[in-house]
Amino acid sequence: MNILLFGKPGAGKGTQAPKLAESLGAATLATGDVLRSAVREGTPLGRKAKEFMDRGDLVPDDVILGVVGEALARPEYARGAVLDGVVRTVPQAEGMHRVLKASGRTLDAVVYFDIDNDHIVERLSGRTVCEKCQTPYTGRNAGEACDKCGGTLVRRKDDEPDAIRNRLKVYEA
Ligand code: AMP
């Protein structure tokens, strides 16, 4: 089963995606997580994506579609994918048709997360994520240990107020 989660940054997609994937026997594909790992490892993809991400801007569509196409060819997605954070633009939606077809898939459902901006700002301002496994937490401080893997919780650079405002503007556009 292949499911796409759609909605504003901070709406809860990253919290629900692993739960949904586990119950379906599928794997999560979160483009933000893939990009953050690439930035940390300093790969060519990471070097390309970093400046867009730090500002809260979108990484170019062709880069994103390449990331998704490559990932879906991996065996871990053989039983299905829960797509989190993609698609975000019309060209990505159009390109996704081609990418899914190329990997012999159809989309079974799109889940839309509907949440107002005040809640988004409140959630993201108090969010930390595990720097190792990327699990998001609300109401936990940076420096604490991740419940899942013991990694260190950190604040994301793009969860600061200016970047949050920009990400919401980018989402609306
Ligand atoms: P997220 O973890 O989904 O909030 O994504 C973090 C950042 O990664 C975004 O603000 C973008 O800079 C980049 N990103 C993730 N997914 C996409 C996408 N589908 N299209 C463009 N940029 C993306």
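Look up: the structure comes first, before these words.
Residues numbered from 1 in each chain as written. Predicted model: local features only at pLDDT ≥ 70, side-chain atom pairs only at ≥ 80, totals over all residues. Heavy atoms only, no water.

Asker: Is there a simple way to explain a negative patch on the surface in this structure?
Answerer: Together, D114, D116, D118 and E122 line one region of the surface with negative charge. Along the chain, D116 falls in the loop between β4 (109-113) and α6 (117-125). (Patch = residues over 30% accessible without salt bridge, like charges linked within 9 Å, V, L, I, M, F, W, Y side chains within 5 Å. Areas by Shrake-Rupley, 256 points an atom, 1.4 Å probe, with all protein chains shown as cover. Salt bridge = Lys/Arg side-chain N within 4 Å of Asp/Glu carboxyl O. Lys, Arg positive; Asp, Glu negative; His and termini not counted. Charge placed at Lys NZ, Arg CZ, Asp CG, Glu CD. Helix = DSSP H or I, 4+ residues; strand = E, 2+ residues; numbered from the N terminus.)

Asker: Got a minute to help me understand the sheet that holds strand β1 (residues 2-7) in this structure?
Answerer: Taken in spatial order, the 4 strands of this open sheet run β2-β3-β1-β4, and their pairing is parallel. Looking at which strands have only one partner, the edges of the open sheet turn out to be β2 (27-30) and β4. Taking the axes of each pair of neighbouring strands and ignoring which way they run, one obtains an average angle of 20 degrees across the sheet. Alignment of β1 against strand β3 (residues 81-84), held across 4 bridges, turns out to be parallel. (Pairing = 2+ DSSP bridges. Axes fitted to C-alpha atoms, helices over the stretch in contact; angles between N-to-C directions.)

Asker: Is there a simple way to think about the site of the ligand in this case?
Answerer: The environment of the ligand is made up of 16 residues, and the closest members are T31, D57, G85, R88 and Q92. Between a nitrogen atom of the ligand and a side-chain N or O atom of Q92, the distance comes to 2.8 Å. A distance of 3.1 Å is found between an oxygen atom of the ligand and a side-chain nitrogen or oxygen belonging to R156. The element contributing the most residues to the shell around the ligand is helix α2 (residues 31-41), with 4 residues. In terms of residue class, the shell around the ligand is built from 6 nonpolar, 4 polar and 6 charged. (Near = heavy atom within 4 Å. Polar contact = N/O pair within 3.5 Å; in protein donor to acceptor, adjacent residues only side chain to side chain. Nonpolar A, V, L, I, M, F, W, Y, C, P; charged D, E, K, R; others polar.)

Asker: Explain the pairing of β3 here, please?
Answerer: A regular strand places its side chains so that they alternate between the two faces of the sheet. Residues A81 and L83 of β3 are buried on one face, and the alternating residues V82 and D84, pointing to the opposite face, are buried as well. Both β2 and β3 contribute to a ladder of 4 bridges, which runs parallel. If you follow A30 over to β3, its bridge partner there is D84. (Buried < 20%, exposed > 50% of the residue type's maximum accessible area, 1.4 Å probe, protein only.)

Asker: I tried to follow unusual backbone geometry on my own but got confused; where do I start?
Answerer: Backbone phi values are negative for most residues with the exception of glycine, while trans is the configuration of most peptide bonds. Backbone torsion omega between V86 and V87 reads 20 degrees, so that peptide bond is classified as cis. One non-glycine residue, Q134, lies in the positive phi region at around 70 degrees. The residue Q134 is located in the loop between β5 (127-130) and β6 (136-138) in this model.

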